[in-house]
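Observations on chain architecture
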Amino acid sequence: MATLSLQHIDKIYDNNVQAVFDFNLDVKDGELIVLVGPSGCGKSTTLRMVAGLEDISNGKLLLDGKDITQTPAKDRDMAMVFQNYALYGHMTVYENMAFSLTLRKEDPNVIHKKVLAAAEILNLTTQLNKKPSQLSGGQRQRVAMGRAIVRTPKVFLFDEPLSNLDAKLRGSTRREILLLHKRLKATMLYVTHDQTEALTLADRIVCMSMGHVQQIGTPLELYDTPANLFVAGFIGLPPMNFLDVTVKGDRLEGEGFSVPLSDKEKSTLASYNGKEIVLGVRPENVVIGNDVPVKVFSNENLGMNTLVHGNIMVGGKKGMKLTGKLKGWCDYKMNDEIKVSFDRMHFFDKETTNAIREGK
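What counts and what doesn't
Residues numbered from 1 in each chain as written. Predicted model: local features only at pLDDT ≥ 70, side-chain atom pairs only at ≥ 80, totals over all residues. Heavy atoms only, no water. Pairing = 2+ DSSP bridges. Helix = DSSP H or I, 4+ residues; strand = E, 2+ residues; numbered from the N terminus. Contact = heavy atoms within 4.5 Å. Axes fitted to C-alpha atoms, helices over the stretch in contact; angles between N-to-C directions. Expected span 1.5 Å × (residues − 1). Buried < 20%, exposed > 50% of the residue type's maximum accessible area, 1.4 Å probe, protein only. Arc of directions from axis to C-beta. Salt bridge = Lys/Arg side-chain N within 4 Å of Asp/Glu carboxyl O. Parallel < 35°, antiparallel > 145°, perpendicular 65-115°, else oblique. Left-handed = near helix turned anticlockwise from the far one by under 90°. Nonpolar A, V, L, I, M, F, W, Y, C, P; charged D, E, K, R; others polar. Lys, Arg positive; Asp, Glu negative; His and termini not counted. Polar contact = N/O pair within 3.5 Å; in protein donor to acceptor, adjacent residues only side chain to side chain.

Points about the sheet that holds strand β5 (residues 66-67)
Strand order across the open sheet formed by 4 strands is β2-β1-β4-β5, with antiparallel pairing between neighbours. Among the strands making up the open sheet, the edge pair consists of β2 (18-27) and β5. Bridge count for strand β1 (residues 4-12) against β2 is 6 bridges, and the pairing is antiparallel. When the sheet's bridge partners are listed, I9 is paired in β2 with F23. The sheet strands contacting helix α1 (residues 43-51) are β1, β2 and β4 (58-63), and the helix crosses β1 at an angle near 115 degrees.

Below you can see the structure in the form of structure tokens.
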């Protein structure tokens with residue numbers, strides 16, 4: 001397929017509003033990169049600049065080492081799959097999938113072979129004579145993907161392709177995209193606001209906020225070693241708990257609780273002794289223990305796990321909120337009092353919001 005390099009890309013609109021700041025990314029041949037972040041973070045704008053649908057204000061875009069910054073969209077050899085399918089309602093599935101090749105005036109026999117091959121990959125062979133209105137949302141999205149596949153582009157671009165589907169269809173279509181990537185070994189850029197899609201699809205994730213890249217890494221890197229408070233709070237469901245604490249020797253002291261530090265954690269926080277930091281704890285790292293008193297206000301049974309929502313108790317009053325994802329089926333009632341501990345903790349500088357790492 002292809003390599004792609006985005007070098008110091010900016011997007012500044014005519015009214016001097018900047019949507020993307022100094023975006024840098026090298027995409028390997030056959031890699032599936034997911035751009036994730038909340039609405040308005042600049043991820044779709046970045047994708048549209050790659051596609052040639054938006055001008056690049058500053059920086060360079062290279063495809064296989066060739067500068068295509070000023071190359072028109074039609075000449076970039078990329079195929080884009082949109083959120084709203086963008087199918088022609090008066091055409092059959094076959095005609096929709098063949099449309100771009102027909103415009104190129106390719107040999108009808110070649111077009112036929114490519115459409116049938118794509119239809120087989122996407123399980124659309126029996127739908128080729130139907131109109132889009134006769135298909136489900138998931139089938140329409142597969143037709144849109146098939147239209148991209150037949151072009152055999154160097155890069156596939158996906159702009160929130162699953163956001164119009166219900167939860168069940170999102171799951172099945174997500175798996176189909178993953179299988180498609182493995183089968184085609186294609187270079188793909190995929191935009192979503194859904195962190196589940198990012199974690200399950202990506203070879204690497206680009207997490208964005210307010211036009212800035214916050215962290216680039218594998219799904220495990222972003223989940224396990226988030227670079228800052230934003231990434232820590234955005235990646236993971238339910239989101240990470242954040243608690244204000246003060247480092248005091250071999251312990252962290254918070255309102256209503258005190259938790260011990262291991263020797264390694266104590267070393268990591270050595271330069272913060274006596275200072276306030278933000279303690280981050282993922283709900284799955286909250287366990288029944290003896291360190292933190294919590295009064296339960298909600299209990300959600302999920303089968304193998306239970307989400308327990310509560311408040312840390314401070315002198316008989318409710319303090320900071322805490323969510324735990326406890327193993328097994330729990331039957332806590334409102335106002336039940338329990339004690340928990342943390343089996344894994346993350347630390348963040350209160351001023352910079354950056355993660356505190358050992359040796360940093």
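Some points on helix α3 (residues 108-121)
With 14 residues, α3 should reach 20 Å at 1.5 Å per residue; the first-to-last C-alpha distance of 20 Å fits that figure. Within α3 the residues assigned to the buried category are I111, V115, A118 and A119. Each buried residue of α3 sits inside an arc of 100 degrees when the element is viewed along its axis, so together they form one side. Residues N109, K113 and E120 are exposed on α3 and point more than 90 degrees away from its buried face. Along its buried surface, α3 packs onto α2 (93-103) and α4 (137-149). Looking one or two places after α3, you find N123, whose phi comes out positive at around 60 degrees.

Here's the deal with the pattern of salt bridges
Taken as a whole, this structure holds 12 salt bridges when the rule is applied. Close ionic contact of R204 with E31 constitutes a salt bridge, the shortest N to O distance being 2.6 Å. You can see R204 sitting in strand β9 (residues 204-209) and its partner E31 sitting in the loop between β2 and β3 (32-36), a full 173 residues away along the chain. In this structure, R204 and E31 share a single accessibility class: buried. A salt bridge links R344 to D224, with the nearest nitrogen and oxygen atoms 2.9 Å apart. In this pair, R344 is assigned in the loop between β18 (337-342) and β19 (346-349) and D224 in helix α7 (residues 219-224), connecting sequence segments 120 residues apart. Overall, D224 belongs to the partly exposed group, its relative accessible area being 27%. Residues participating in the shared-partner salt-bridge network are K11, R48 and E54.

Points about the packing of α2 against α3
Relative orientation of the contacting elements α2 and α3 amounts to 135 degrees, with a least axis distance of 10 Å. What the angle tells us is that α2 and α3 run oblique. In this structure, α2 meets α3 at a crossing whose hand is right-handed. Between α2 and α3, the contacting residues are Y94, M97, A98, L101 and T102 on the first element and I111, H112, K114, V115, A118 and A119 on the second. Considered class by class, the residues forming the contact of α2 with α3 number 8 nonpolar, 2 polar and 1 charged.

Some remarks on the side chain of R147
On the secondary structure map, R147 appears in helix α4. Of the side chains with opposite charge, E95 lies nearest to the buried R147, which makes no salt bridge, at 12 Å. Side-chain polar atoms of R147 contact the backbone oxygen of A86, separated by 2.8 Å. Apart from the residues within four sequence positions on either side, R147 is in contact with Y85, A86, L87, N96, M97 and S100.

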